[in-house]
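# Breakdown of the fold
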Amino acid sequence: MARRVKKPPLDLSEFETRVHIRQLHADDYERLIEMQADCFPGMQTWAKEQIESQIATFPEGQLVIEYDGDIVASSASLIVDFHEYEDWHDWKVIADSGYIRNHDPEGDTLYGIEIMVDPEFRGHKLARRLYEARRNLAREKNLRRSIIGGRIPNYHKHADHLSAREYVEEVLQKNIYDPVLTTQLANGFRLVKLIPNYFPSDTDSCGYATFLEWVNLDHVEEGARKIQAVHWVRLCLVQYRMRSVESFEEFAKQASTFVDLASDYKSDFVVFPELFTTQLLSIVDAPSPSVAARKLAEYSERYLELFTDMAVSYNINIIGGSQFVVEDDRLFNVSYLFRRDGTIGKQYKIHITPNERKWWGVNPGRKVEVFDTDRGKIAILICYDIEFPELARVATAKGAKIIFVPFNTDERYSYLRVRHCAQARAIENQIYTAIAGCAGIVPFVDNADLHYAQCGIFTPSDFPFARDAVASESMPNIETIVVHDVDLELLRKNRQSGTVRPWTDRMREIYSVKYEDPDEGTIEC
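Summarised in this report is the structure supplied together with it. From a predicted model like this one, the values you see are computed outputs, not experimental measurements. (Residues numbered from 1 in each chain as written. Predicted model: local features only at pLDDT ≥ 70, side-chain atom pairs only at ≥ 80, totals over all residues. Heavy atoms only, no water.)

### Quick notes on the overall build of the protein chain
Along the protein chain, the regular secondary structure elements total 13 helices and 25 strands. Its C-alpha atoms give the protein chain a radius of gyration of 26 Å, within 12% of the compact-globule value 24 Å for 525 residues. Each principal axis of the C-alpha distribution contributes one length, and for the protein chain these read about 75 × 55 × 40 Å. When burial is assessed residue by residue, the protein chain has 55% of its 525 residues classed as buried. Long-range pairs, those at least 24 residues apart, make up 70% of the contacts in the protein chain with a sequence separation of at least 6. When the accessible area of the protein chain is evaluated, it comes to approximately 24,000 Å², of which 49% is carbon and sulfur surface. (Helix = DSSP H or I, 4+ residues; strand = E, 2+ residues; numbered from the N terminus. Rg over C-alpha atoms; globule rule 2.2 N^0.38 Å. Buried < 20%, exposed > 50% of the residue type's maximum accessible area, 1.4 Å probe, protein only. Contact = heavy atoms within 4.5 Å. Areas by Shrake-Rupley, 256 points an atom, 1.4 Å probe, with all protein chains shown as cover.)

### A look at helix 13 (residues 488-497)
Of the positions making up helix 13, those classed as buried are Leu488, Glu489, Leu491, Asn494 and Arg495. If you follow the buried residues of helix 13, they end up packed against strand 8 (232-242), helix 11 (389-397), strand 17 (402-406), helix 12 (412-429), strand 18 (432-436) and strand 23 (480-487). Backbone nitrogen of Glu489 and a side-chain oxygen of the N-cap are separated by 2.9 Å at the start of helix 13; the cap is Asp487. (Polar contact = N/O pair within 3.5 Å; in protein donor to acceptor, adjacent residues only side chain to side chain.)

### Digging into a negative patch on the surface
Taken together, the side chains of Asp11, Glu14, Glu301 and Glu305 make up a negatively charged region of the molecular surface. Assessed through its relative accessible area of 48%, Glu305 is described here as partly exposed. (Patch = residues over 30% accessible without salt bridge, like charges linked within 9 Å, V, L, I, M, F, W, Y side chains within 5 Å. Salt bridge = Lys/Arg side-chain N within 4 Å of Asp/Glu carboxyl O. Lys, Arg positive; Asp, Glu negative; His and termini not counted. Charge placed at Lys NZ, Arg CZ, Asp CG, Glu CD.)

### Section: the packing of aromatic side chains
Scanning the entire structure with this criterion turns up 26 aromatic pairs. With a centroid separation of 5.8 Å and an interplanar angle of 75°, the aromatic rings of Tyr303 and Phe338 are classed as edge-to-face. With a gap of 35 residues between them, Tyr303 in helix 9 (residues 300-313) and Phe338 in strand 12 (residues 330-338) connect regions that are remote in the sequence. Owing to a relative accessible area of 1%, Phe338 belongs among the buried residues under this scheme. Measuring from centroid to centroid gives 5.0 Å for Tyr384 and Phe388, while their planes differ by 75°, and the two rings are edge-to-face. For Tyr384, a relative accessible area of 24% translates into the label partly exposed. By relative accessible area, which is 24% here, Phe388 ends up partly exposed. Note that Arg101 overlies the ring of Tyr99, its terminal NZ or CZ placed 4.6 Å from the centroid. Positioned over the ring face of Trp503 is Arg506, at 3.6 Å from the centre of the ring. (Phe/Tyr/Trp six-rings, centres within 6.5 Å; stacked < 30°, edge-to-face > 60°. Lys NZ or Arg CZ within 6 Å of the ring centre and 35° of its normal.)

### Description of the packing of helix 7 (residues 248-264) against helix 9
Orientation of helix 7 relative to helix 9, taken along the N-to-C sense of each, is 25°, at an axis distance of 11 Å. Between helix 7 and helix 9, the angle is such that the two are roughly parallel. Handedness of the crossing formed by helix 7 with helix 9: right-handed. Only Arg302, Tyr303, Leu306, Phe307 and Met310 of helix 9 make contact with helix 7, whose side of the interface consists of Phe248, Glu249, Phe251, Ala252, Ala255, Ser256 and Val259. Looking at the contact of helix 7 with helix 9 residue by residue, the classes come out as nine nonpolar, one polar and two charged. (Axes fitted to C-alpha atoms, helices over the stretch in contact; angles between N-to-C directions. Parallel < 35°, antiparallel > 145°, perpendicular 65-115°, else oblique. Left-handed = near helix turned anticlockwise from the far one by under 90°. Nonpolar A, V, L, I, M, F, W, Y, C, P; charged D, E, K, R; others polar.)

### As for the pairing of strand 2 (residues 63-67)
Note on strand geometry: in a regular strand, side chains alternate between the two faces of the sheet. Extensive coverage of strand 2 is indicated by the burial of five of its five residues. As paired elements, strand 1 (residues 19-23) and strand 2 share five bridges and run antiparallel to each other. Its bridge partner lying in strand 2, Val19 is registered against Tyr67. As judged from the five bridges shared by strand 2 and strand 3 (residues 70-80), these two strands associate in the antiparallel manner. From the neighbouring strand, Glu66 faces strand 3, where its bridge partner is Ile71. Connecting the antiparallel pair strand 2 and strand 3 is a turn made up of two residues, with Asp68 showing a positive phi of about 50°. (Pairing = 2+ DSSP bridges.)

### A word on the nonpolar core
Considering soluble globular proteins, one finds that nonpolar side chains tend to be buried as a cluster. If you look at the biggest cluster of nonpolar residues, it comprises 63 residues, and the most contacted ones within it are Trp91, Tyr111 and Ile113. Ile319, Phe458, Leu488 and Cys525 belong to the second-largest nonpolar core, a separate cluster that totals 55 residues. (Core = buried A, V, L, I, M, F, W, Y, C linked by side-chain atoms within 4.5 Å.)

### Details of helix 2 (residues 48-57)
Because an α-helix completes one turn every 3.6 residues, residues spaced three or four positions apart along the sequence face the same direction. Among the residues of helix 2, those classed as buried are Gln50, Ile51, Ser53, Gln54 and Ile55. Next to the buried residues of helix 2 lie helix 1 (29-39) and strand 3.

The following block contains the structure:
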C-alpha cells in the first residue's frame, strides 16, 4: 500500500489579492497620467503642478485603488458651496482648471472632478468602490450632496441618429449601455440635466456631459436634532440546489451566478452553504467516501482562486461555505472568508458529527476565529458548531456582531437543530445569526446525496427587532436567495437598554466559559 505524503497547510497568501484604497501621493504622478492616457485617449493629461495642488489643497478627496501594489483606479474631488455655482456648465471654473484652489472646507457639496479605471481592470467594480468612498467622505463631512459632471463616451456611436437628450433617455431606459452614465446611475446618482460644451476635447462624448447628483440622506442641519444612528449591513444568503456537475467549470458558473446576484443587490456579504462543493464528488471516481473526500480536497487550490477572484471582481465579502482540505495528512472541514479587499481568513469546523467521522474521517479544529471586515467583526461557526453555546459565547466575547452559519443537513430534524440553536445564540448573545444551507439531491454520492434547507437571519427577541426574532427567511428546500439589511447599532442599544439583557446580565461571578485559545491563551467569558 502506498504511503500518503503529508501535505502542509495551504499558504493562503499565495491565493490572496490585495485591493486597497488610499490617498494619492505626489510620487504616483507618472502612473496616474499613464492610466489617464489609457482611459481617455486624445484628452490632455494632468500636469504635475495640478496633481500637487490637488494633494496640497484637499488630500482626503484624492484617492487611488491599488491592486496587488499597482495603481489601477483613481478619484479626484473637492468641496464647494452649491449656491456659489448657479451654472455648472464650466468645468474649468468649478474645478479651478484642475488645481482646486477654490476648495471650500465650509462648503456643502462634494464635487467629483474625475474617476478613472484602468481598462484592463474594468469589470472588477472598482468604480463602485470609489463612489462609495466619496459617499462616505460626504457623510463624514456632513455635506448635503455629491455632484459630478459625467462623460457619455458611447454617444459618438449614436450621434448621427440621436440627439444627446434622446441618447441619455435611451440609457435611462436601459436600451443603450454607456460605460460611464450606466455605472453612475447604478451608484445612486440622479440625472439632473445635460451640459453642452463641458469638455470640447472629449470627442467620444461630442463635448457633452451629464449633470448628476447624489443626495446625502444622513446630512444633519446645523443646530438640528441629531438623526438616530444606524449601521446597516446587507446580507445575502444562498440556498443552493445541489445537482450533479460535469466539470469544475460548471460548478464555478453556478457559484458565480449567485455572487453576481448578491453584488447586483449591493450586498456586503454573500453566504454559501457548508460543503456545497461536494457536488464535485459527482465527477470524482473513488472506491470509498473517505477517499472521495480527500480527492475533493484536491480542488481546494482552484476553489480558493475562484472565490478570491469573485470577491474582488464583484466587490463583496464571501463566506465560501466550506471545503475539505488536507493538512499534514489530516482531513479538515474549513470555511473561508474571502474579503473584497482580496485577503482571506479561515475557520476550521470544531465539532465533528458522527457521520463525518465515520464516512470521511474529518478531524476537529481547535480555535474560534473572529474576523475584522469592512462591516465590523464577524465569526463563522460551521453547522454542528452552532449547537454548542460556548463557541458563540467566545465569538461574541471576542467582538463578533454577526455569526454566519453555513450548514448542510439531510432532513428536517437535522435542519431544525441548526435553526433553533442559531436562534438561541442570537438571543443569548444579543447578536445576529445567519444560516445558509443546501437543497436538492446529488445521486449516488454517499453521505452527500440528500439535502434539506431553509435560510434565515435571526435577531434578539425584543421590540426593536422583527416579530418572532426572524428578520428574514426563505421558502424551504428550493433554490433561492435571501437579502436583508441588519442594523449593528440596534445591537449596541439593545445591550444597553433592552427589555432583557442576556449578554450584559450574565452572572460571571458564579459561572463562565473558559476557552483555551492556541494563540491568545485563556479567555473567560
